[in-house]
Structure formats: C-alpha cells, structure tokens
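# Structural characterization, general
Residues per chain are reported as follows:
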Amino acid sequence: MKKKFSALLYLGIFYLTSCISQENPPEIKTPDQSNYSTETIVDGIDVPWGMDFISENELLVTEKKGILYRVLNGKKTEVLGLPEIYKRGQGGLLDVALHPDFKNNTVIYFTASAQLEGDTGGNTALYCAKLNDNQLSEVKLLYKGTPNTKKGQHWGSRIVFDYQGHLFFGIGDRGNRDVNPQDLERDGGKIYRLNLDGSIPEDNPFTNKEGAKQAVYSYGHRNPQGMTVHPKTGEIWENEHGPKGGDEINIILKGKNFGWPVITYGVNYSGTSITDKRAMPGMEQPFYYWVPSIAPSGMAFSSSGVYRKWKGDLFVGSLKFKYLERLVIKREKIVKREKILNDIGRVRNVKEGPDGYLYLGVEGKGILKVVYK
Amino acid sequence: MKVLLGLMGLFILFEGTWLFQNKPLEQSIADGEEIYQDFCLQCHLDTGKGVSGVSPPLVESDYLMNNIDLSIRGVKYGLSGPIVVNGEEYDGVMQNQGLDNEEIADVMNYILNSWGNKSTDMITEERVANITE
C-alpha cells in the first residue's frame with residue numbers, strides 16, 4: 001500500500017513539474033567563467049554576420065550593412081566590388097565562404113539580400129566572385145530566391161561545403177510561413193545544394209518533380225542561421241530560429257521535410273498557438289530543440305583538441321542571451337549544455353579556425369578568439 | 001505681383017501635400033502595426049516591453065517620449081552605443097531596417113499609440129524626411 005502510494009505521489013509530482021516547467025532538458029549550466037577568456041582579433045564591426053579564414057592570421061568578415069572586410073593581423077581593409085545589397089530588416093550582406101580550392105582559383109562565395117533591377121522587394125541570393133587583394137571581380141549571381149517580398153525577416157543563410165564537391169546554403173521562410181516552407185515550387189524555408197559552379201547536381205532530390213525548385217535539398221525550415229559539417233560523419237548540421245520556443249538543431253537529410261510550420265515546438269511571439277502538432281509521419285524531428293528559445297546563430301564543432309575538454313562538442317552562439325553555448329553529445333543525444341563566456345554580447349557567428357581555436361562574431365564588437373586558460 | 005506670389009504659395013502648399021500624402025492616424029497606426037510585427041517585435045516584443053538590459057522598452061519609455069526625433073533618427077539610420085532608458089543603460093546595436101519614410105512614420109505612430117502609450121503628435125512622412133543623420 002505504502003509503495004503504491006509513494007509511486008502515485010512520484011507520478012503526481014512528475015506530472016506537476018512537467019506542466020510547470022516546459023523547458024526542454026538538459027537544463028543549461030553556468031560553469032566557472034574564469035577558465036576561459038577572449039582575445040580580440042578585429043574590432044569595430046556592428047554585425048559580423050559571416051567569416052571565413054584565408055590563413056591562420058587572415059580572414060574575410062562580412063558586416064551585415066553591406067561591407068566585406070579582409071582582415072590581416074587584426075587590421076581590416078574594405079573589399080571593393082560587391083553587388084548592390086537590398087538592406088531590409090534582417091537582410092544585408094550575410095555569409096561568406098572560400099571555395100575549397102581558393103588557394104588556386106581565388107574564388108569566394110557570399111550570400112546577400114538582393115533586389116535586382118526593376119524589382120520591388122527582395123530575396124536571398126548566392127554569389128561567387130574572384131578575390132584579388134581587396135578587389136572582387138567576375139561577380140556572378142548563382143542563385144536568387146523568388147518571389148520577392150518587402151518582408152524584412154528570415155533570409156537564412158550560411159554557406160558550407162560537403163566532401164563531395166557540393167555547396168549548401170539556406171533561405172528562410174521570408175515571412176510567409178504558411179506558404180513558402182512546404183511549397184517546393186517556391187523558394188524560402190529550404191536548404192539548397194549546388195555544384196561549386198552553381199549548376200544543379202543531377203542527383204538532387206527533386207530534379208524529377210515537375211515544377212519543383214531543383215536546387216532544393218530539404219524543406220520545411222523556418223530560418224537557418226547556423227550550419228556546419230560534422231568533422232567525423234560529414235553530415236550537414238544546421239540550426240534555425242523557431243518562433244517563441246522551438247529553435248532547432250537539425251541534421252540535414254536529402255529530400256526530407258523538417259516540418260515548419262506544420263509541426264513545431266514553438267508558439268507565436270504573442271503566446272498563441274501555431275499548431276498543437278509536434279510530430280507527423282513524413283516529417284523529421286529536430287535533433288534538439290530549445291525551449292525557451294536562445295536565438296541560435298552560427299555553429300561549429302570543436303574538432304582540434306586545442307581545448308582539452310571540448311573535443312567533439314558543438315558550439316552555438318546565442319543572440320538572445322548573449323553567450324556561447326556548449327552542447328555535449330553522447331550516443332546521439334545532447335546530454336549537457338553550458339554557458340561559456342556569459343554576457344559576452346550577441347554572438348552572431350561561431351567558427352573553428354585553421355589553428356583549431358574557436359572564433360566568434362560578436363555584435364557591436366567584431367571577431368573574438370576563445371582562449372582556454 | 002501679389003497674385004503671382006499667392007499662386008506660388010498655393011503651389012508650394014499643394015506640392016507639399018502632394019509629396020507627402022498624409023493618411024489618417026488610424027490608417028497609419030494600422031499600417032504601422034504590420035511593420036512592427038515584421039521588423040521590431042523580435043527584439044522589442046509584442047508587448048513593447050523589450051528585454052531588460054538587451055532591447056529597451058518602448059512602452060512608458062522616457063527616452064522615446066522625450067526624444068521623438070532622436071528615436072525617429074534611430075529607426076531611420078540605426079542606433080548604437082550607450083543610451084539610458086528608464087534609468088537602465090543599454091549598449092546595443094539597432095540596425096537601420098531599410099524602411100522608407102512612410103513606413104517609419106507608420107511604425108512610430110503605432111508605437112506612440114500602443115500598450116498605453118499616448119501621443120497627441122501625429123508623425124508625418126514629412127517630419128521623417130526632414131530628419132538627417
């Protein structure tokens with residue numbers, strides 16, 4: 001009898017607590033912050049949206065309002081020759097990435113919000129160009145989302161390369177959540193896969209589907225803001241902003257539907273419900289979701305071992321709570337979350353540099369290197 | 001001569017209203033709400049309360065109510081560096097959102113007349129146009 005009673009009591013407490021706290025575990029911990037600090041690599045950048053490394057002491061950094069910097073030993077010089085950028089809301093000059101064979105061909109890729117001549121509104125575009133010293137040339141538009149809209153939100157984008165000669169990038173739902181993410185004939189709410197010359201790979205998942213955008217690799221996304229390649233498996237890992245609650249980490253799979261807005265762990269900003277559905281057949285579950293939202297941005301695995309205890313862990317910036325999040329993964333689950341560099345500022349981007357250190361793009365500051373004492 | 005001057009005056013007046021066709025306040029507030037939902041709500045929240053220490057409040061905000069032109073300038077050209085709102089210091093970055101003058105007037109009218117905020121001043125497109133960096 002006593003056993004039964006205490007079992008019931010535990011069950012009751014379990015239900016009660018699960019109703020009260022809707023936070024998704026594991027709970028975030030704040031370890032001793034004196035173990036690490038930062039070194040400023042370059043300062044004076046309002047929104048350092050994207051970065052990529054040319055060498056250990058040279059990198060490219062985008063400033064969202066439309067400036068591309070080449071930074072050598074901490075000194076930044078503006079790169080000239082960018083196309084016109086449509087500055088609207090969350091749009092601007094977004095990510096930048098060096099071609100995998102940059103050393104020989106000096107090609108770079110970048111994403112930006114674009115309004116082509118004669119258009120109203122805009123959408124996300126992917127460009128490539130040659131970079132010589134501080135000058136771009138042969139700027140080529142490789143992809144541009146359609147249709148245009150004057151909405152200011154959800155442009156994506158992040159650029160990464162797999163090991164098979166493909167480029168991946170994302171476009172957010174462009175503020176039209178009920179139409180774009182689930183419609184393969186429209187851009188927005190998608191992850192795209194292209195060949196390095198901008199052509200569409202023959203084995204893309206929707207090349208045989210009439211009317212579908214052939215560059216689409218996966219769909220049902222809200223607003224991808226972080227993307228990286230898993231150093232061991234080669235999988236494309238992505239994070240995206242949910243509405244209120246429901247920010248996600250996804251492992252991108254060919255042809256799959258990630259569910260937005262049919263399924264989500266989030267609610268409207270006003271607190272009203274979007275859907276009560278968290279899962280549906282034919283739709284992928286996130287690898288992890290954040291409730292409450294942290295507004296994740298940027299994403300990198302620490303693969304180098306320069307930080308003794310962090311090898312293999314995933315790092316994500318938090319715009320909302322102004323810290324770097326460390327996520328420890330065991331047996332394909334997030335088992336631990338930690339605030340690193342609490343209150344550092346709005347962390348827009350996270351990358352592992354060629355020297356194995358983590359580099360952050362922090363708003364109002366610039367690029368910071370994470371140093372473990 | 002007087003007639004000519006009068007005509008010129010009329011023309012300037014007419015041109016002014018033609019350049020800046022002001023809509024009724026109710027319409028401006030309604031249009032401004034849509035702009036607010038798209039461009040402002042992520043940081044300042046649907047309550048206008050913002051996030052303490054991160055994004056300043058717009059509701060009962062002394063900074064806003066005492067510096068309307070400065071606030072318009074912030075929306076138009078962006079705002080960064082330390083400001084004090086209701087006794088709390090904020091040191092963030094608000095980017096220029098790429099809104100046109102009419103959209104800025106609309107969103108300001110929405111903000112100045114929501115969540116208990118009240119303003120007798122209607123913000124016009126012309127007033128926004130006259131604010132320089």
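Residues numbered from 1 in each chain as written. Chains lettered and ligands numbered in written order. Predicted model: local features only at pLDDT ≥ 70, side-chain atom pairs only at ≥ 80, totals over all residues.

## Section: the overall build of chain B
What counts is decided by this rule: We count a stretch as a helix when DSSP gives it H or I for four or more residues in a row; a strand needs E for two or more, and each element gets its number in order from the N terminus. Any residue whose C-beta has 12 or fewer other C-beta atoms within 10 Å is treated as exposed, any with 20 or more as buried, and any in between as partly exposed, C-beta atoms being built from the backbone. Once C-beta atoms have been placed from the backbone, residue pairs whose C-beta atoms lie within 7 Å are recorded as contacts.
Assigned secondary structure in chain B consists of seven helices and four strands. When the helices and strands of chain B are listed from N to C terminus, the series reads α-α-α-α-α-β-β-β-β-α-α. When each of the 133 residues of chain B is scored for burial, the buried share is 29%. Within chain B, counting contacts between residues at least 6 apart in sequence, those at least 24 apart form 60% of the total.

## Digging into the interface of chain A and chain B
Interface size is often expressed as the accessible area that is lost when the parts come together. Selection rule: Residues are grouped as follows: nonpolar covers Ala, Val, Leu, Ile, Met, Phe, Trp, Tyr, Cys and Pro; charged covers Asp, Glu, Lys and Arg; every other residue, Gly included, is treated as polar.
Between chain A and chain B, the residue contacts involve 15 residues of the former and eleven residues of the latter. Its residues assigned to classes, the side of chain A that touches chain B comprises two nonpolar, six polar and seven charged.

## Here we look at the sheet that holds strand E3 (residues 48-55) of chain A
Residue and element names in this part refer to chain A. Counted only if it meets this: Whether two strands pair depends on DSSP finding at least two bridges between them. Convention adopted: a line fitted to C-alpha atoms gives each axis, helices being fitted over their contacting stretch, and angles between N-to-C directions are expressed from 0 to 180 degrees.
The four strands are arranged E3-E4-E5-E6 in an open sheet whose pairing can be described as antiparallel. Looking at the sheet topology across the chains shown, the edges are occupied by E3 and strand E6 (75-79). Sheet twist, expressed as the mean angle between neighbouring strand axes with direction ignored, is 25 degrees. In this sheet, E6 lies alongside strand E5 (residues 67-72) in antiparallel orientation, the contact comprising five bridges. Across the sheet, the residue bridging to Arg70 is Thr77, located in E6.

## Observations concerning the sheet that holds strand E14 (residues 216-219) of chain A
All names here are of chain A. The strand order across the open sheet formed by four strands is E11-E12-E13-E14, and the pairing between neighbours is antiparallel. The open sheet has two edge strands with one neighbour each: strand E11 (159-161) and E14. For this sheet, the mean inter-axis angle between neighbouring strands, taken without regard to orientation, is 20 degrees. In terms of strand pairing, E11 meets strand E12 (residues 166-171) through three bridges, oriented antiparallel. Note on E12: the bridge partner recorded for Phe161 is Leu167.

## Let's talk about helix H5 (residues 68-77) of chain B
Residues and elements named next belong to chain B. To be explicit about the condition: The directions from the helix axis to the C-beta atoms form the arc being described.
Within the span of H5, buried status applies to Ser71, Ile72 and Val75. Along H5, the residues classed as buried sweep out an arc of 100 degrees about the axis, all on the same side. On the buried face of H5, the contacting elements are helix H4 (62-66), helix H6 (101-112) and helix H7 (125-129). Looking one or two residues beyond H5, the residue adopting positive phi is Gly78, at roughly 95 degrees.

## Some points on helix H2 (residues 25-39) of chain B
All names here are of chain B. Heads up, the condition is: The span you would expect from a helix comes to 1.5 Å times its residue count less one.
End to end, H2 covers 20 Å across 15 residues, agreeing with the expected 21 Å (1.5 Å per residue, within 8%). All of the buried residues in H2 are Ser28, Ile29, Gly32, Ile35, Tyr36, Asp38 and Phe39. For H2, the elements touching its buried residues are helix H3 (41-44) and H6.

## Let's talk about the environment of B:Ser80
In this fold, B:Ser80 is placed in strand E1 (residues 79-80). Separated by 44 residues in the primary sequence, B:Ser80 and B:Tyr36 place their C-alpha atoms 20 Å from one another. B:Ser80 has contacts with A:Asp46, A:Gly364 and B:Val93, leaving out every residue within four places of it along the chain.

## A look at the confidence of the model for chain A
To keep it simple, the criterion reads: What pLDDT expresses is the predictor's confidence in each residue, scored from 0 to 100.
Of the residues in chain A, 94% have a pLDDT of 70 or more, and the chain-wide mean is 94. With pLDDT under 50 throughout, residues 11-21 of chain A is counted as low confidence; its partners more than four residues away or in other chains account for zero contacts.

## Examining the environment of A:Leu60
All names here are of chain A. With respect to the helices and strands, the residue Leu60 is situated in strand E4 (residues 58-63). Placed 18 residues apart in sequence, Leu60 and Glu78 show a C-alpha to C-alpha distance of 9.8 Å. Discounting residues that sit within four places of it in the chain, Leu60 has contacts with Met51, Asp52, Ile54, Leu68, Tyr69, Arg70, Val96 and Ile108.

## So, the nonpolar core
The line we're drawing: For this analysis, nonpolar core means a set of buried Ala, Val, Leu, Ile, Met, Phe, Trp, Tyr and Cys residues linked through C-beta atoms within 7 Å.
Among the nonpolar cores identified, the biggest contains 79 residues, and A:Ile108 and A:Leu360 are the most heavily contacted of them. Element by element, the count of residues in this core is highest for strand E9 (residues 123-132) of chain A, at six residues. Contact partners of A:Ile108, with chain neighbours within four places excluded, come to A:Leu60, A:Val96, A:Ala97, A:Leu98, A:His99, A:Phe102, A:Cys128, A:Ala129 and A:Leu131. Of all hydrophobic cores here, the second largest spans 19 residues; its members include B:Leu64, B:Val75, B:Leu112 and B:Val128.

## Some thoughts on the packing of H5(B) against H6(B)
All names here are of chain B. Threshold: Any angle from 65 to 115 degrees is called roughly perpendicular, while one under 35 is roughly parallel, one over 145 is roughly antiparallel, and all others are oblique. By convention, the crossing between two helices is left-handed when the near helix turns anticlockwise from the far helix through less than a right angle, and right-handed when the turn is clockwise.
It is the contact of H5 with H6, at a shortest axis distance of 11 Å, that shows an interaxial angle of 130 degrees. When the axis of H5 is compared with that of H6, the two are oblique. Both H5 and H6 take part in a crossing whose hand is right-handed. For the pair formed by H5 and H6, the contact residues are Ile72, Val75 and Lys76 on the first element and Ile104, Val107 and Met108 on the second.

## Points about the pairing of strand E16 (residues 236-240) of chain A
All names here are of chain A. With five of five residues buried, E16 lies mostly within the body of the structure. Alternating positions in E16 separate into two faces, Ile236, Glu238 and Glu240 on one and Trp237 and Asn239 on the other, with burial throughout. As defined by bridge partners, E16 adjoins strand E17 (residues 247-252) across five bridges and the pair is classed as antiparallel. Across the sheet, residue Ile236 finds its bridge partner in E17, namely Ile252.

## A word on unusual backbone geometry
Residue A:Pro261 follows A:Trp260 across a cis peptide bond; omega there is 0 degrees. Positionally, A:Pro261 belongs in the loop between E17 and strand E18 (288-290). In this model, A:Val291 is joined to A:Pro292 through a cis peptide bond whose omega is 0 degrees. A positive phi is found at A:Asp343, a non-glycine position, where the angle reads about 70 degrees. Its place among the elements puts A:Asp343 in the loop between strand E22 (333-340) and strand E23 (347-352). Judged by the 10 C-beta atoms lying within 10 Å of it, A:Asp343 falls in the exposed class. Located in the positive-phi region is B:Leu45, a residue other than glycine, with phi close to 65 degrees. The residue B:Leu45 is located in the loop between H3 and H4 in this model.

## So, the pairing of strand E8 (residues 107-114) of chain A
All names here are of chain A. The buried fraction of E8 amounts to seven of the eight residues, a majority that puts the element mostly inside the structure. Note: strand E7 (residues 93-98) against E8, four bridges, orientation antiparallel. Bridge assignment links Leu98 to a residue of E8, and that residue is Ile108. Summarising the sheet, E8 and E9 pair through eight bridges and their orientation is antiparallel. In the sheet register, Phe110 faces E9, and the bridge partner there is Tyr127.

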